[in-house]
Amino acid sequence: MLAAWIAAWRRAHAQPPALDRAQVAAREAADESFVGKFVTFYMLSSAVSASMLLWWMRDLATDPRYAPLALFTGIVVFVYLALFLASLRGHHVLANVLFFFVGTALILAYSLVFSAAAQAHLLLLGMFFAALVFLPPDRIAMRYVMPTVAVSVYLIVEFGLPYGAGFAPLDGEALVGVAVVVRVCVVAHVSIAVAAMQYRFRSSRRILQGVARHGEKRANTDQLTGLHNRRPMVRRLEELAAQGAGGYAIAVIDVDEFKAINDGLGHDCGDRLIKEVADILSSRFRESDMVSRWGGDEFLVIMSDLSGQDVLAVLERVRTTVNGSPRVCGDRSVRVTVSVGAALGAPGETPDEVITEADRALYLAKAAGRDRVVVLGEGIELVSRAAQGER
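Everything in this summary refers to the structure shown in the same document. All of these numbers come straight from a predicted model, not from anything done at the bench. (Residues numbered from 1 in each chain as written. Predicted model: local features only at pLDDT ≥ 70, side-chain atom pairs only at ≥ 80, totals over all residues. Heavy atoms only, no water.)

Structural notes on the pairing of strand β1 (residues 248–255)
Okay, step 1: Counting buried positions over the 8 residues of β1 gives 8, a clear majority of the element.
Okay, step 2: Side chains Tyr248, Ile250, Val252 and Asp254 of β1 all project onto a buried face; the interleaved residues Ala249, Ala251, Ile253 and Val255 project onto the opposite face, where all are buried too. (Buried < 20%, exposed > 50% of the residue type's maximum accessible area, 1.4 Å probe, protein only. Helix = DSSP H or I, 4+ residues; strand = E, 2+ residues; numbered from the N terminus.)

Here it is, written out as structure tokens:
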């Protein structure tokens, strides 16, 4: 039980992850299960309280006027214990609903016997509040029935039963003692319910945050590859344009002869190959770099704080990894290569101009025979060592 509370507290204070529809359903089910632990604790504490009440009535049980009430209290203790066991077995909603109605009947019986002066009907406030908090949101009908029953019984006792008028009204210290116990029980009921309500509120807020994060992720992520799509890349390019400082590089990576692969092996195979290339790109660049699927078989990468030689080395590792081994698609094997064009951003140069230069470098790589890297910028033209060897 303690471990479950600690785990729930950690979940409540951790950064909410992005949640899709299935994950939301799973999180809601987990939350209901945890609220069920509140119900189980609530049932147990109520059974203990009823047992203490029965112990307090042990002397009254010898009085014929109180004997039926003592017997009824004993039955309620066993009912509460049964509801506790039912809640332990996962029947939280049933236990919660039956507890409310059994408790309401007990309060009405005590008010009729001890009179309204005992203030037992105040417990209805705590029980009603707790029952509604513990009830799942989809139990709409019961959410109307419970308030109606609670308010009706409360009004009957408050205005229908004169204070001091009961089958065996208490007086003196006994009446004061009962009133004190009632107030303590009301506080206990409300405290447990408030804790559960706070948990529900925090959990619901985190689910909404997770849904929002998922929506934002979907809006900024290419669904096939999991890479950035054009939207976050455009925002980053706008930031670079506003800074105008240079010190970055933009690379355009294109899968060679992808249309022929798509036409020959089918779109499913083409999509799988694009996903494999995207996975390589994700693993080969730094977290500070931005990698995106720019469109179709073309990827755009923004790198910062690298010299031309460093850019060439990074992109060459990407090229050789993609070309490292044949890709299997169905019963066929296909060799996938990429051509890469990159340009270094200079101070005062706009990102659009850098992309144009990177496109020109890509054209040079394609024209030279594909499967190579060309880096332009700052008056230099760097070509991958493998391509230089081919020349």
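Quick word on helix α12 (residues 351–367)
Okay, step 1: An ideal rise of 1.5 Å per residue puts 24 Å on 17 residues; α12 measures up with 24 Å between its terminal C-alpha atoms.
Okay, step 2: The set of residues buried in α12 consists of Pro351, Val354, Ile355, Ala358, Ala361, Leu362 and Ala365. One face of α12 carries all of its buried residues, which in axial projection span an arc of 115°. Across α12 from its buried face, at more than 90 degrees, point the exposed residues Asp352, Thr356, Tyr363 and Ala367.
Okay, step 3: Looking at the buried positions of α12, the neighbouring elements they touch are α8 (230–243), β1, β3 (298–304), β6 (338–345) and β7 (373–377).
Okay, step 4: Immediately downstream of α12, the backbone of Gly369 shows phi near 120°, a positive value. (Expected span 1.5 Å × (residues − 1). Arc of directions from axis to C-beta. Contact = heavy atoms within 4.5 Å.)

With respect to the packing of helix α10 (residues 267–284) against helix α11 (residues 308–322)
Packed helices, taken two at a time, are described by their axes: the angle between them and the distance between them.
Okay, step 1: Their axes nearest at 10 Å, the elements α10 and α11 cross at an angle of 145°. Relative to α11, α10 is oriented so that their crossing is right-handed. Only Val314, Val318, Thr321 and Val322 of α11 make contact with α10, whose side of the interface consists of Val277, Ile280, Leu281 and Arg284.
Okay, step 2: Split into classes, the residues belonging to the contact of α10 with α11 amount to 6 nonpolar, 1 polar and 1 charged. (Axes fitted to C-alpha atoms, helices over the stretch in contact; angles between N-to-C directions. Left-handed = near helix turned anticlockwise from the far one by under 90°. Nonpolar A, V, L, I, M, F, W, Y, C, P; charged D, E, K, R; others polar.)

What to know about the pattern of salt bridges
Okay, step 1: All told, the structure shown has 14 salt bridges when counted by the stated rule.
Okay, step 2: Close ionic contact of Asp256 with Lys366 constitutes a salt bridge, the shortest N to O distance being 2.8 Å. Taken together, the residues span a long stretch of sequence, with Asp256 in the loop between β1 and α9 (258–265) and Lys366 in helix α12 at a distance of 110 residues.
Okay, step 3: A salt bridge links Glu276 to Arg327; the shortest N-O distance between them is 3.8 Å. Of this pair, Glu276 sits in helix α10 while Arg327 sits in strand β4 (residues 327–329), and the two are 51 residues apart along the sequence.
Okay, step 4: Among the ionic contacts, a cluster of salt bridges with common partners joins Glu316, Arg319, Arg335 and Asp371. (Salt bridge = Lys/Arg side-chain N within 4 Å of Asp/Glu carboxyl O.)

Considering a nonpolar patch on the surface
Okay, step 1: The grouping of Leu44, Val48 and Met52 at the surface amounts to a nonpolar patch, some 270 Å² of accessible area in total.
Okay, step 2: Here Val48 is to be found in helix α2 (residues 21–56). (Patch = residues over 30% accessible without salt bridge, like charges linked within 9 Å, V, L, I, M, F, W, Y side chains within 5 Å. Areas by Shrake-Rupley, 256 points an atom, 1.4 Å probe, with all protein chains shown as cover.)

A closer look at the packing of aromatic side chains
Okay, step 1: If you walk through the whole model with that rule in mind, you get 7 aromatic pairs.
Okay, step 2: Between Phe38 and Tyr199, the ring centres sit 6.5 Å apart and the planes meet at 45°, which makes this aromatic pair tilted. Taken together, the residues span a long stretch of sequence, with Phe38 in helix α2 and Tyr199 in helix α7 (residues 172–220) at a distance of 161 residues.
Okay, step 3: Here a set of aromatic residues connected by ring pairs shows up, and it is made of Tyr42, Tyr80, Phe99 and Phe134.
Okay, step 4: Stacked on the ring of Trp294, the Lys or Arg Arg230 has its end atom at 3.9 Å from the ring centre. (Phe/Tyr/Trp six-rings, centres within 6.5 Å; stacked < 30°, edge-to-face > 60°. Lys NZ or Arg CZ within 6 Å of the ring centre and 35° of its normal.)

A short note on the environment of Val383
Okay, step 1: Here Val383 lies in strand β8 (residues 380–383).
Okay, step 2: Val383 sits 74 residues away from Gln309 along the chain, and the two C-alpha atoms are 9.8 Å apart.

As for the environment of Asp254
Okay, step 1: With respect to the secondary-structure elements, Asp254 resides in strand β1.
Okay, step 2: A residue is classified by how much of its surface remains accessible, and Asp254, at 11% relative accessible area, is buried.
Okay, step 3: As a C-alpha pair, Asp254 and Val338 span 84 residues in sequence and 5.5 Å in three-dimensional space.
Okay, step 4: If we skip the residues at most four places from it in the chain, Asp254 touches Asp297, Glu298, Thr337, Val338, Ser339, Leu362 and Lys366.

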